[in-house]
Each structure stands twice: as structure tokens, then as C-alpha cells.
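Given next are the chains, with one letter for each unit.
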Amino acid sequence: MGGELRLEDALGGVERPYLVSPQRLYTRDDLMQGWHPGADHSATLDGRIYAHVKAHGGRAPDMMEGLAQRTHDHFIDSALAGFLMESARPVIGIMGGSGTLASDPNYRRVVELAASLTQRGYLVVGGGALGIMEAANLGAYLAARSERERDDAVQALADTPGYASDQAGYLQVAVGVRERFAPGAESLAIPTWVSEGEPINQFAPHIAKYFSNSIREDGLLAVATAGIVFAPGGAGTMQEIFQDAAQNAYKVFGRSPMVFLDRQHYCADTGLYQALQRQAERLGFADLLSVADEPADILKRFPVRPSGLDATDTPRRVLMRMRNLR
């Protein structure tokens, strides 16, 4: 009685595999600690944190673990805001399915698109895991490489059975690709520890990893103030599409392009583009929508030399406004 409860006192005394108050974003090397050739994801720090989360209630942790996780996410927010301020580049998000294999034509298209966007001065951000998210970070990583070198990197990954079939084998090939083409260009990944066992990809040097998926999703969509490209995906990608649409409709964080890759998927197979287009016409943001099949057509929406960021609408300020940071 009579004394104030300090955060370090409340959360101390418990051994956790993560820092409760990280002072910077994670790097790929941070989260891969413990990995060696032949090991799978469980050997990494990233995997050990997943195991800790599962052992402490998963999505419904007890009060003290929940407080520790939310505190961690607050510090990641601050670190992300600082990184975006230092980067001072317009941010473009690339979303899509985590199960898309490197042999899929859309994987290769996203690699080329991300490389071109990085060359044009944008900071590419993705969800940080595999599939289309990996393609986005890989393309950015290889932005200074030739088209042939990018094709070779993709082919090396496509020649594996895939992560789901051989975790250790896929990780070893991906690490080899990263080392072969190091150092790569910058990009950003914003993943989560919600999806059990989902590894980070090897190609994002800056990683804002969260425990709360809702906080992570809001931030991922909001910081992409230059626009978002949606490749084919599943229910998660569909959620991101309509969440981004709501942000554009309400102009919560300004207005930004929504570009869809693969007409067959979005127009014929799912009808998502037409459904969104009807709502966009009703709500006043139809001019932000477009659909295309090739990177060259998508790039028409994003100028070679993007205009300078408005001081009131930088990704950092958007993030700070979301979180009520000062």
C-alpha cells in the first residue's frame, strides 16, 4: 500500500522469450536466432515465441501475459513510427495468399512488381509470412538485381516441394537465396504471432511483429498511404480488401489506390472486384480501383518519382494518429 505499481514490477519475474519493451523493430537475424541448416521453424526465436504464446492461452492469454503482449505491441508501434519517419518514403502494401507457391505465375509477377516499385522510390510492405507476402519482400530485396537473377531466385524456391511439405528444406533454400544475393534492398514486413507456426520470410530486413492481429491489420493497411496491390488470396485477403475499402470510404487515413492483380480471380472466379466496385461507386471512391494482369499495367498507377510526402499524411503520422501517440 502507498506505492505506485510499476510496469517492470508487475511484469518482472516471468521468463519470456521476447522483450516486453523492445526499443526497435525486429530484424530477420533477430527472429531466426537458433536456426541451423536442417532445422525447422521451431528452432528459431520466432518459433519459440509461437510456442510460448500457445502455452499461455493463445488468443486468450491470462491477464499478466496479455498485459505483457499488449505492452510489447505498444513499443513495436513506437518503433514502427520511428522507422517510417526515418525512411520518409511513400509506402505501398502488397497483400495476398500465404499459400501461394513460388511456381505460381502470380508469385513471379509480384516479385517483378515489388522490384519495380522499390526502384521507383517506394517502400514495399507486406504481411511478412510466405506466399505472396514472401514474393513482395523478395522482389524488393532483389530490386538492384537483373531480371534473370530474380528469375533464378524464384526458380530456386519453386524447385522445392514447398514449405508445407518440407519446412526445413524450404527454409534452407530460402536462406541460401538470401545469402547469395546479399545485401538486398530495404522493405518492411508486418506479421503476427496469431497464426501458429507461420514463419517469417527471409527477405524483409525490417520486421514489425505483433501479438495482436487486429492492431497489426489496422497498422498494415493504414501505413500504406501510397496504395495497396491485392494479389489473389483467401479469406484473410478478402478481409483486408474490405477493411481497406472502409478506410477509403470514410477517408480515415486519406485516400489511396486499390489495385487488383489477376482479372480471372477477381472478376470471373470470385466476383469480388465487381462487388467492391458497386459499393465504391455508391460511397465515392470508385476512382481508386483498378484491375490488371501484369506488373507493367499496375505500375501505371504509381509514378516513377512519387511526389513528396505531405507532412500531415505521412505513414508515421497516420500510425501515430491511429494509436493516439504523440
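Residues numbered from 1 in each chain as written. Predicted model: local features only at pLDDT ≥ 70, side-chain atom pairs only at ≥ 80, totals over all residues. Heavy atoms only, no water.

Further remarks concern unusual backbone geometry. Alanine 182 connects to proline 183 through a cis peptide bond whose omega is -5°. A positive phi angle is found at alanine 88, which is not glycine, with a value near 55°. Its place among the elements puts alanine 88 in the loop between helix H4 (63-87) and strand E1 (91-95). Positive phi outside glycine occurs at aspartate 262, with the angle close to 100°. Take aspartate 262: it is sitting in the loop between strand E6 (258-261) and helix H11 (263-269). Accessibility expressed as a relative area gives 16% for aspartate 262, which makes it buried. (Helix = DSSP H or I, 4+ residues; strand = E, 2+ residues; numbered from the N terminus. Buried < 20%, exposed > 50% of the residue type's maximum accessible area, 1.4 Å probe, protein only.)

Within the largest apolar cluster, 92 residues are counted, with the highest numbers of intra-cluster contacts made by Ile94 and Phe260. Ignoring anything within four residues of it in the chain, the contact list for phenylalanine 260 reads Phe230, Ile241, Tyr266, Tyr273, Leu276, Leu289, Ser290, Val291 and Ala292. (Core = buried A, V, L, I, M, F, W, Y, C linked by side-chain atoms within 4.5 Å. Contact = heavy atoms within 4.5 Å.)

Bringing the packing of helix H5 (residues 105-119) against helix H7 (residues 147-158) into the picture now. The relative placement of two packed helices is expressed as an angle between their axes plus a distance between the axes. Relative orientation of the contacting elements H5 and H7 amounts to 140°, with a least axis distance of 11 Å. Compared by their axis directions, H5 and H7 come out oblique. Pair H5 / H7 crosses with right-handed handedness. Counted together, Tyr107, Arg108, Val111, Glu112, Ala115 and Gln119 of H5 and Glu147, Arg150, Asp151, Val154, Gln155, Leu157 and Ala158 of H7 form the full contact between these two elements. Its residues placed into classes, the contact of H5 with H7 shows six nonpolar, two polar and five charged. (Axes fitted to C-alpha atoms, helices over the stretch in contact; angles between N-to-C directions. Parallel < 35°, antiparallel > 145°, perpendicular 65-115°, else oblique. Left-handed = near helix turned anticlockwise from the far one by under 90°. Nonpolar A, V, L, I, M, F, W, Y, C, P; charged D, E, K, R; others polar.)

Here the structure, examined in full by the defined rule, presents nine aromatic pairs. Ring centres of tyrosine 163 and tyrosine 170 lie 6.4 Å apart, and the angle between their planes is 85°; on these two criteria the pair is classed as edge-to-face. The class of tyrosine 170 is buried, set by a relative accessible area of 7%. In textbook terms, an aromatic cluster arises when at least three aromatic residues are bridged by ring pairs, as seen for Tyr18, Tyr26, Trp193 and Phe211. (Phe/Tyr/Trp six-rings, centres within 6.5 Å; stacked < 30°, edge-to-face > 60°.)

A few words on the packing of H5 against helix H6 (residues 132-141). Between H5 and H6, whose axes approach to 7 Å, the crossing angle comes to 40°. Taken as axis vectors, H5 and H6 run oblique relative to one another. Remark: the crossing between H5 and H6 carries right-handed chirality. Here Asn106, Tyr107, Val110, Val111, Ala114, Ala115 and Thr118 of H5 lie close against H6, whose contacting residues are Ile132, Glu134, Ala135, Ala136, Leu138, Gly139 and Ala140. A breakdown of the residues in the contact of H5 with H6 according to their chemical character gives ten nonpolar, three polar and one charged.

With that out of the way, let us pick up the environment of isoleucine 190. Inspection of the secondary structure assignment puts isoleucine 190 in the loop between strand E3 (188-189) and strand E4 (206-207). When the C-alpha atoms of isoleucine 190 and valine 125 are compared, they prove to be 7.3 Å apart, with 65 residues separating the residues in sequence. Those residues within four positions of isoleucine 190 in sequence are excluded, and the remaining contacts are Leu80, Val125, Gly126, Gly127, Gly128, Ala208, Tyr210, Arg216, Leu220 and Val223.

What follows deals with empty space enclosed by the protein. Evaluation of the coordinates by the stated rule reveals one cavity of 30 Å³ or more. Counted as a void, the largest cavity has a volume near 80 Å³. Contributing to the lining of the largest cavity are Leu221, Ala222, Ala224, Thr225, Asp244, Gln247, Asn248, Phe253, Gly254, Arg255 and Ser256. For the lining of the largest cavity, the leading source of residues is helix H10 (residues 235-250), giving three residues. (1 Å grid on protein atoms, 1.4 Å probe; cavity = no way out; pocket = protein on both sides within 12 Å on 5 of 7 lines; lining within 4 Å. Points joined across faces, edges and corners; volume = space filled by probe spheres on them.)

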